[in-house]
Amino acid sequence: MAPVETPAVSRELSEFFQSPDDLLKIAAFRKKLMKEKASIDAKLKSGVKEQLDATRDGLKKLFGTRNNVQVIRDEMAAVDTACRSTAKDVKMFDQISRVSLVHRNFAQTDEMVQNLTELYDKLDVISSMLEADRQDVLGPAPNLLAIHHQLTQLEAFRNQMMLQAKSASADDRNTLSRYFQRLNKELAIFEDYIWDIARNILPIVRAGNGTAIVKLVKIAEVEGREDEKALAIKLVKKAARLDAAAKFNSIIANSRKIKLYRSNLMTEIRRSIEKLFHDAHEKDKDSPSAFLEELQKWFWKDIVRIKSGVVPLFPPDYNILSVYVKQYHKSLDETLRRIVDNDPDAGFLLTLHAWLGEYRESMDELEIDPELLQPPLLEGREQSLIDDYLKVIIQKLDEWTSNAMATDAKAFSARTEAPELDSENLYGLDGAVLMFQIINQQVDVAMESGQSSILAQVVKESGRIMRKNQAETIKLVEGEYKKLVEKPEEVPGGLVEYVIAVANDQIRCADFAEALSARLEPRVGGKYKSMVVESLNSAIDGYLDVAKKCTQTLIDTIFNDLNPATKLLFTQSWYSGVMSQVVETIRDYMSDYKAYLNPSLLELLVTDLIDAFLINYLNALRRASKLRMPTAADRIREDISEVFPVFANLKPAREVEEQLEVMEQIIALLTASQSLVFLSYWPFAKKHGPNLQFVEALMKARDDLDRSGVNEVMDSIKRKVKDENLGEPEEPTIMKKIIVQTGFSAFLGR
């Protein structure tokens, strides 16, 4: 039976696989899950190992304690047996015992009084030594062992007094407690001092005062033995007969406080490391890169010093290298997690990704056991840093470029002032330059990672954003032009100037993208090279398409203004001459275009403008219902003669003649006699294709040909086309753009 999917699994799968294309990501998704599983396994392995080690140590200590308790129990039983036998064998033993007890009590009382009398004097000496040592926490602590020895004696005396005072009145116990308050204070100060030393072990070693650390460890060892002794005696008292234990007045361990100095020493070391990383992070919390840079300055020096200077000061069973390395690793991991969770900038994520690799290599060089570095930093999710980096890049690039383009779009729509002029006196907007500054910055950061995959992904995303902006630009230009055509009275002026600016920006962007491609191509290889080149080539093509759209809009704007004049072509008014209005309008627009449009775009625009003129003119000619011959042919010649100088002023006359050659061929068709039309048609057809419907429309419009004449001409033309198997030319010509309507559509067009 198939396992039932949990909602969490279904949810995660549905988020990851949202389209059929996502199935291509299965391998990457599986790899990601395997990495996460490996990280979890490593954490579990490390945790289980630590627990097993702790359990093993606990069992060893438990067995050792049990043996010690048994030995003490046997020895006390032997002492008790000897005592009982002595009481039976020796006469007057009870009297001897009582006399001995009285003598011991007198001696203890005398000692107690003397200790009470000297207590404050001893505390003065201790306080003076302690204060001297505390003045320099990083110093050699010359009095540390002496202070500890004297405080230990006084503490034992206090414990004995407080134990014996249990049977005293409450007032007496309170009085005694107040008497020992100063001792308690000095004990607290002493403990604060030794934990200060514990928190500054590494600085003390750097200061050359490792003997202070040896003394600290010695104190921890002494206190540890006293703790063990106290615990053992307490266990004996619980396990042995109470009357036997009560006979030994020297046993006062049940009043000693268990100090656990060794455990506390390890705790303070760990806390000091945590504070070290916390303070370092707080110092540069607003600049993760600065934190990592500063970390590099001291982290490895600390590890080296710990190995060479700290480890020799501790007994082997302390495993002090393990304590330090584990805590450094853990604190570093926690700090990096906080930084990563706080959404750092993309550059830091790349830097961190590279640094994590250096971290492992450096630990290997220092011969640090890999087991001490478990779980790995950030759970080994280094690839997720790259994923996060790309997400940040995508988000920021989208955000920054959208803001830049939105500013341009707002200015384009409002057109409250003319676009800015660049150093070449050409119109332009700021968004294009700003966008490529942003893209170049992110590309530079990706290049610093040294990974072609990252660089290729950044370029790919940059290309996507470029194409997105290109689509939005085309939509913006189309929308503003549509407003101009439909509601010209509501549209602010300056559209031509802004379309010129946008067109110029596309050439700038194409140049930027081409320069970027040339810069990156040598830096990447293999599949990533093709990815980079394809992304940027696609963007370059897109910019050229947008530039083409802009130049076409500039041409459309001219003919939108010429619409009233072009409607008169081949009408009765046309014979009186309307081309002067067309010529002046084109000349006015082209003076602005020539002044502010990129020269390469201007050249393309002029070529397209001549084509647009021909298309409008020939479509009007094709729609003509009647042409007065030969007057119409003469008028056409005059029209071409008027417009030719305008175009020849914008591009070489020879090239203009080549584009306008089709008009000479059409004039030849219009002026040829019925019997010679075929001779004029054949050169036209060989260059532009049969165009039978267009030619038939011309023949029908000629008022010097009747229906039968038209039919005769067309029949001869069609036979020749069929016999010669004449087809369309390999390269489409201007005639391909002439719209030929059927009779019904022409009727509707009227």
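Here the structure is a predicted model, which is why all the values come from computation and not from measurement.

## Quick notes on the environment of asparagine 711
Summarising the element assignment, asparagine 711 is placed in helix 26 (residues 707-723). Distance from asparagine 711 to lysine 700, taken between C-alpha atoms, is 9.2 Å for residues 11 residues apart in sequence.

## A look at a negative patch on the surface
Among the surface-exposed residues, Glu358, Glu361, Asp364 and Glu365 lie close enough to one another that they form a single negatively charged patch. You can see glutamate 361 is positioned in helix 13 (residues 346-365). A relative accessible area of 52% means that glutamate 361 is categorised as exposed.

## A word on empty space enclosed by the protein
Taken as a whole and assessed by the stated rule, the structure comprises one cavity of 30 Å³ or more. Considered as a void within the structure, the largest cavity measures approximately 30 Å³ in volume. In terms of lining residues, the largest cavity is bounded by Phe559, Thr566, Leu569, Met579, Val582, Phe613, Asn616 and Tyr617. Of all elements in the fold, only helix 20 (579-596) and helix 21 (599-623) reach the threshold of two or more residues within the lining of the largest cavity. Counting residues per element, the lining of the largest cavity draws most heavily on helix 21, which supplies three residues.

## Some remarks on a nonpolar patch on the surface
Residues Leu59, Leu62 and Phe63 make up a contiguous nonpolar surface patch of roughly 290 Å² in combined accessible area. Considering the arrangement of structural elements, one finds phenylalanine 63 in helix 2 (residues 26-89). For phenylalanine 63, a relative accessible area of 42% gives the class partly exposed.

## Digging into the side chain of aspartate 639
Its place among the elements puts aspartate 639 in helix 22 (residues 631-648). We classify aspartate 639 as buried; its relative accessible area is 0%. Not counting residues within four places of it along the chain, the set of residues in contact with aspartate 639 comprises Trp574, Met579 and Tyr617.

## Topic: the confidence of the model for the protein
The predicted model of the protein has a mean per-residue pLDDT of 85, with 88% of residues at 70 or higher. Note that residues 1-5 has pLDDT below 50 and, in this model, two contacts with residues that lie over four places away or in other chains. This model gives residues 241-245 a pLDDT under 50, and the stretch forms nine contacts once residues within four places in sequence are excluded.

## So, the pattern of salt bridges
Across all of its chains, the model carries 37 salt bridges by this definition. When the shortest N-O distance is used, the salt bridge between aspartate 398 and lysine 468 registers 3.8 Å. You can see aspartate 398 sitting in helix 14 (residues 382-414) and its partner lysine 468 sitting in helix 16 (residues 452-486), a full 70 residues away along the chain. Under the relative-accessibility criterion, lysine 468 is labelled partly exposed at 33%. The shortest N-O distance in the salt bridge between glutamate 655 and lysine 651 comes to 3.6 Å. According to the relative accessible area criterion, glutamate 655 is partly exposed, its value standing at 36%.

## Description of the packing of aromatic side chains
Evaluation of the coordinates by the stated rule reveals 28 aromatic pairs. Considering the side-chain rings of tyrosine 179 and phenylalanine 180, the 6.0 Å spacing of their centres and the 85 degrees angle between planes classify their relative orientation as edge-to-face. Take phenylalanine 180: its relative accessible area is 1%, and that puts it in the buried class. Between phenylalanine 277 and tryptophan 298 the ring centres are 5.3 Å apart and the planes differ by 65 degrees, which places this aromatic pair in the edge-to-face class. One end of the pair, phenylalanine 277, is in helix 10 (residues 261-283); the other, tryptophan 298, is in helix 11 (residues 288-310), with 21 residues separating them in the sequence.

Scoring rules and cut-offs
Residues numbered from 1 in each chain as written. Predicted model: local features only at pLDDT ≥ 70, side-chain atom pairs only at ≥ 80, totals over all residues. Heavy atoms only, no water. Helix = DSSP H or I, 4+ residues; strand = E, 2+ residues; numbered from the N terminus. Patch = residues over 30% accessible without salt bridge, like charges linked within 9 Å, V, L, I, M, F, W, Y side chains within 5 Å. Areas by Shrake-Rupley, 256 points an atom, 1.4 Å probe, with all protein chains shown as cover. Salt bridge = Lys/Arg side-chain N within 4 Å of Asp/Glu carboxyl O. Lys, Arg positive; Asp, Glu negative; His and termini not counted. Charge placed at Lys NZ, Arg CZ, Asp CG, Glu CD. Buried < 20%, exposed > 50% of the residue type's maximum accessible area, 1.4 Å probe, protein only. 1 Å grid on protein atoms, 1.4 Å probe; cavity = no way out; pocket = protein on both sides within 12 Å on 5 of 7 lines; lining within 4 Å. Points joined across faces, edges and corners; volume = space filled by probe spheres on them. Contact = heavy atoms within 4.5 Å. pLDDT = per-residue confidence, 0-100. Phe/Tyr/Trp six-rings, centres within 6.5 Å; stacked < 30°, edge-to-face > 60°.

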